[in-house]
Amino acid sequence: MKKKLGIVATMILVLVMATGCSLFGPKANGLIMYGTDAQIKDALESTKNDVSKTDDFALKYDAKQADGRVIAISKSTAQGLFNKGLLQQVKDKDTTEEIAKLPEVTGDNAVIFAKTDTTVTELKGVKLAGQYGGDIVIGESRGFAQTIVLLDDAAWEKLNADKLGLTVAHFKKDPKNALVDLSKKLEKAQMVVIKK
């Protein structure tokens, strides 16, 4: 009898963990989709019955860079991500928390978010300098880039780099079942908890 109860308890625990029960933290309610306009359109078409709303942003990057990728986001994009609780401070390797406020960025002065303290980085051969803004990530991990450069909107527009869409898709239910399929359609798909 004890053996049967142990097996049942183990099965329940595995089931709870597999379904992402809120006992282990909040469930994902969205995906960040990184891709071209066509890739994102295709991904959204395949999930149209599950997505309640989308917020569209853009980033700049070097399409040829794979390791240690650097991306640049505008102040407007950063504000949109911040409002949804998607700019997170890394506390330790397994924990992040929403940042309390966005750093100020004006003119050509950048703010650099990276794992290590740095005030200069390079994107498509252009040196970007500014203040170190901390170990900040989009979502809860370095899903797409190792370094994020925050620029004023005008400076971002002037930056000569490849452009990529960043769409925040609000799902009606946990999007984990869609993740594998969408990862094949996009440059990257990242599950997130979106602040309502």
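Here the structure is a predicted model, which means the values were calculated and not measured.

## Digging into the pattern of salt bridges
The tally for this structure, following the rule as stated, stands at nine salt bridges. The closest approach of N and O atoms between Lys185 and Asp42, which form a salt bridge, is 3.7 Å. Separated by 143 residues along the polypeptide, Lys185 in helix α5 (residues 176-185) and Asp42 in helix α2 (residues 37-46) bring together distant segments of the chain. Taking the relative accessible area as the measure of exposure, Lys185 reaches 22% and is therefore partly exposed. Judged by relative accessible area, which is 38%, Asp42 ranks as partly exposed. Notably, a salt bridge pairs Glu45 with Lys48, separated by 2.9 Å at the nearest N-O pair. For Glu45, a relative accessible area of 48% gives the class partly exposed.

## Notes on the sheet that holds strand β4 (residues 87-92)
Strand order across the open sheet formed by three strands is β5-β4-β9, with antiparallel pairing between neighbours. Each edge of the sheet is formed by a strand with only one pairing partner; in this case those strands are β5 (95-98) and β9 (136-138). Averaged over all pairs of adjacent strands, the angle between strand axes in this sheet comes to 45°, irrespective of strand direction. Here four bridges tie β4 to β5, and the two strands are oriented antiparallel to one another. Considered in β5, the bridge of Gln88 is made with Glu98.

## Quick look at the sheet that holds strand β8 (residues 126-134)
The strands that make up a sheet are held in pairs by hydrogen bonds between backbone atoms, and each pair lies either parallel or antiparallel. In space, the nine strands of this open sheet follow the order β7-β8-β6-β10-β3-β2-β11-β1-β12, with mixed pairing throughout. Only two strands of the sheet have a single partner each, and these edge strands are β7 (120-123) and β12 (188-192). Across the sheet, the axes of successive neighbouring strands diverge by a mean angle of 35°, strand direction being ignored. When strand β6 (residues 110-113) meets strand β10 (residues 147-151), the two strands line up antiparallel, connected through three bridges.

## Concerning the nonpolar core
The biggest cluster of nonpolar side chains holds 28 residues, and the ones touching the most others in it are Leu59, Ile71, Leu87, Ile138 and Leu166. Elements that contribute at least two residues to this core include exactly β1 (30-35), β2 (51-61), β3 (70-74), α3 (75-83), β6, β9, β10 and β11 (162-171). Sequence-distant contacts of Leu87, that is, excluding residues within four places in its chain, are made with Ala78, Leu81, Phe82, Glu97, Glu98, Ile99, Leu102, Ile136, Val137 and Ile138. Core analysis: the next-biggest nonpolar cluster, separate from the first, contains twelve residues, Ala72, Ala110, Leu128 and Trp156 among them.

## With respect to the packing of aromatic side chains
Considering all chains together, one arrives at two aromatic pairs under this definition. Seen in terms of ring centroids, Tyr34 and Phe144 are 4.6 Å apart; in terms of plane orientation they differ by 10°. Their pairing is stacked. Residue Tyr34 is found in strand β1, and its partner Phe144 is found in the loop between β9 and β10; the two are separated by 110 residues along the sequence. By relative accessible area, Tyr34 is classed as buried at 1%. Grouped by ring-pair contacts, the aromatic residues Tyr34, Tyr61 and Phe144 constitute a single cluster. If you follow Lys60 out to its NZ or CZ, it ends over the ring of Trp156, 4.5 Å from the centre. A cation over a ring is seen here: Arg69 above Phe144, with NZ or CZ 4.2 Å from the ring centre.

About the cut-offs
- Residues numbered from 1 in each chain as written.
- Predicted model: local features only at pLDDT ≥ 70, side-chain atom pairs only at ≥ 80, totals over all residues.
- Heavy atoms only, no water.
- Salt bridge = Lys/Arg side-chain N within 4 Å of Asp/Glu carboxyl O.
- Helix = DSSP H or I, 4+ residues; strand = E, 2+ residues; numbered from the N terminus.
- Buried < 20%, exposed > 50% of the residue type's maximum accessible area, 1.4 Å probe, protein only.
- Pairing = 2+ DSSP bridges.
- Axes fitted to C-alpha atoms, helices over the stretch in contact; angles between N-to-C directions.
- Core = buried A, V, L, I, M, F, W, Y, C linked by side-chain atoms within 4.5 Å.
- Contact = heavy atoms within 4.5 Å.
- Phe/Tyr/Trp six-rings, centres within 6.5 Å; stacked < 30°, edge-to-face > 60°.
- Lys NZ or Arg CZ within 6 Å of the ring centre and 35° of its normal.

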